Amino acid sequence: MFALHCDEGTVPEPEISLDGTNVSHDLVFRPIESSDFEQIKALHDELFPIKYDDNFFVKACQGIGIRDGRIFSSIAVQNGEIIGFVLAQLFDYYSDQVDDTDLFAFTASKKKVCYIITLGVTKRLRKTGLGTILIKHCADYATADKECGAVRIFYFPLPSSLPYLTLSLSLS
């Protein structure tokens, strides 16, 4: 798990490159749509050993998250194919429910935390900067809510999670 402090303003998006070739052309970021169910579920199942119930994806594609709250999404699409995604949600922050209170010391005056529920980038585009852009979209979303003080990612420390571990360390 890592936390990203949300300062005011947005961060410029880096160029996404693979083997020195700019792959940003024809790349669109948009919110999740109901028609994304099959692609999002298939990509998530391909990338993660933890399988989510179909109902999670059905609700997410309708913009509904955990405990029926509103979900934030940024879906990266290139030539009609979903190549990356992030799903996040704002939750009330309660310091007595957090194991590592030092991590959230800066949120003492804040009332919400943005949790990144799931984040994935297709294997062929890992280490291109796309995951960083998706996390920055979450940070921008969280920053827009003046009560939000942090963005948290929960991940499973498996060998397949190494790209996420590297990414999270570079942002801390």
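Here the residue numbers are simple positions, counted from 1 along each chain's written sequence. Local features are withheld for residues below a pLDDT of 70 in this predicted model, meaning they are given only at 70 or higher, and side-chain atom pairs are given and counted only at 80 or more; totals for whole chains, interfaces and linings count all residues. With hydrogens and water set aside, each side-chain value is computed from the structure's full complement of heavy atoms.

> Is there a simple way to explain the overall build of the protein in this structure?
Each helix is a run of DSSP H or I of at least 4 residues and each strand a run of E of at least 2, with the numbering of both proceeding from the N terminus. Secondary structure summary: the protein contains 4 helices and 8 strands in total. The rule is simple: take the accessible area with a 1.4 Å probe, protein chains only, and divide by the maximum for that residue type; under 20% is buried, over 50% is exposed, in between is partly exposed. Counting the 172 residues in the protein, one finds 48% classified as buried. By definition in these notes, contact holds between two residues if any of their heavy atoms fall within 4.5 Å. For the protein, contacts bridging at least 24 residues in sequence account for 73% of all contacts bridging at least 6.

> I would appreciate a short explanation of the pattern of salt bridges in the present structure.
Side chains that differ in charge, positive against negative, can pair when their charged atoms come close. Salt bridges, as used here, are contacts in which a Lys or Arg side-chain nitrogen is within 4 Å of a carboxyl oxygen on Asp or Glu. Applying the stated criterion across every chain yields a total of 7 salt bridges. In this structure, Lys 41 engages Asp 45 in a salt bridge whose closest nitrogen and oxygen atoms are separated by 2.8 Å. With Lys 41 and Asp 45 both in helix α1 (residues 37-47) and 4 residues apart, the pair spans about one turn of that helix. On the basis of relative accessibility, which here comes to 17%, the residue Lys 41 falls in the buried class. Among the residues examined, Asp 45 registers a relative accessible area of 24% and is labelled partly exposed. The salt bridge partner of Arg 124 is Glu 81, with a shortest N-O separation of 3.5 Å. One end of the pair, Arg 124, is in the loop between β7 (112-121) and α3 (130-144); the other, Glu 81, is in strand β6 (residues 81-92), with 43 residues separating them in the sequence. Because the salt bridges share partners, they merge into one network encompassing Arg 30, Glu 33 and Asp 36.

> What exactly am I supposed to notice about the nonpolar core here?
Soluble globular proteins: nonpolar side chains tend toward being buried together. Residues belong to a common nonpolar core when they are buried Ala, Val, Leu, Ile, Met, Phe, Trp, Tyr or Cys residues joined through side-chain atoms within 4.5 Å. With 19 residues, the main nonpolar core has Val 86, Cys 114, Ile 116 and Leu 130 as its most contacted residues. For this core, the secondary structure elements donating two or more residues are β5 (72-78), β6, β7 and α3. Ranked by the residues each element gives to this core, the list is headed by α3, at 6 residues. Sequence-distant contacts of Val 86, defined by excluding residues within four places in its chain, comprise Phe 72, Ser 73, Ser 74, Ile 116, Thr 118, Leu 119, Leu 134 and Cys 138. Counting 17 residues, the second-largest nonpolar core is a separate cluster that includes Ile 75, Val 77, Ile 82 and Ile 117.

> Please clarify how the pairing of β5 should be interpreted in this entry.
Each regular strand displays side chains that alternate between the two surfaces of the sheet. The buried fraction of β5 is high, at 7 of 7 residues. Residues of β5 alternate between two faces, with Phe 72, Ser 74, Ala 76 and Gln 78 on one and Ser 73, Ile 75 and Val 77 on the opposite face, all of them buried. Between any two strands, pairing holds if DSSP finds at least two bridges. Pairing of strand β4 (residues 27-30) with β5 involves 4 bridges; the strand directions are antiparallel. Bridging from a neighbouring strand, Val 28 pairs with Val 77 of β5.

> Would you mind showing me how to read the state of the cysteines here?
Cysteine sulfur atoms that come within 2.5 Å of each other are treated as a disulfide pair. Counted according to the given criterion, the structure contains 0 disulfides. Free of any disulfide, Cys 138 has its nearest neighbouring cysteine sulfur in Cys 114, separated by 5.1 Å. Relative accessible area serves as the criterion here: at 0%, Cys 138 is assigned to the buried category.

> How should α1 be read in this particular structure?
Note: α-helices contain 3.6 residues per turn, so residues at a spacing of three or four share the same orientation. Looking only at α1, the buried set comprises Phe 37, Ile 40, Lys 41, Leu 43, His 44 and Leu 47. One side of α1 carries all its buried residues, which in axial view fall inside an arc of 165°. Note that the arc is defined by the directions from the helix axis to the C-beta atoms.

> What is the right way to read the pairing of β6 from this model?
With 10 of 12 residues buried, β6 lies mostly within the body of the structure. With 7 bridges joining them, β5 and β6 adopt antiparallel strand pairing. Looking across to β6, one finds that Ser 73 is bridged to Leu 87. Connecting β5 to the next strand, β6, in antiparallel fashion are 2 residues, including Asn 79 with a positive phi near 55°. Pairing of β6 with β7, which is carried by 9 bridges, proceeds in the antiparallel orientation. Of the residues in β7, the one forming a bridge with Gln 89 is Tyr 115.

> Got a minute to help me understand α3 in this structure?
Between its first and last C-alpha atoms α3 spans 21 Å; for 15 residues at 1.5 Å apiece the expected length is 21 Å, and the two agree. For α3, a buried count of 12 out of 15 residues is recorded, marking the element as mostly surrounded by other parts of the structure. All of the buried residues in α3 are Leu 130, Gly 131, Thr 132, Ile 133, Leu 134, Ile 135, His 137, Cys 138, Ala 139, Tyr 141, Ala 142 and Thr 143. To estimate how far a helix should extend, the number of its residues minus one is multiplied by 1.5 Å.

These results come straight from atomic positions and should not be treated as a statement about function.
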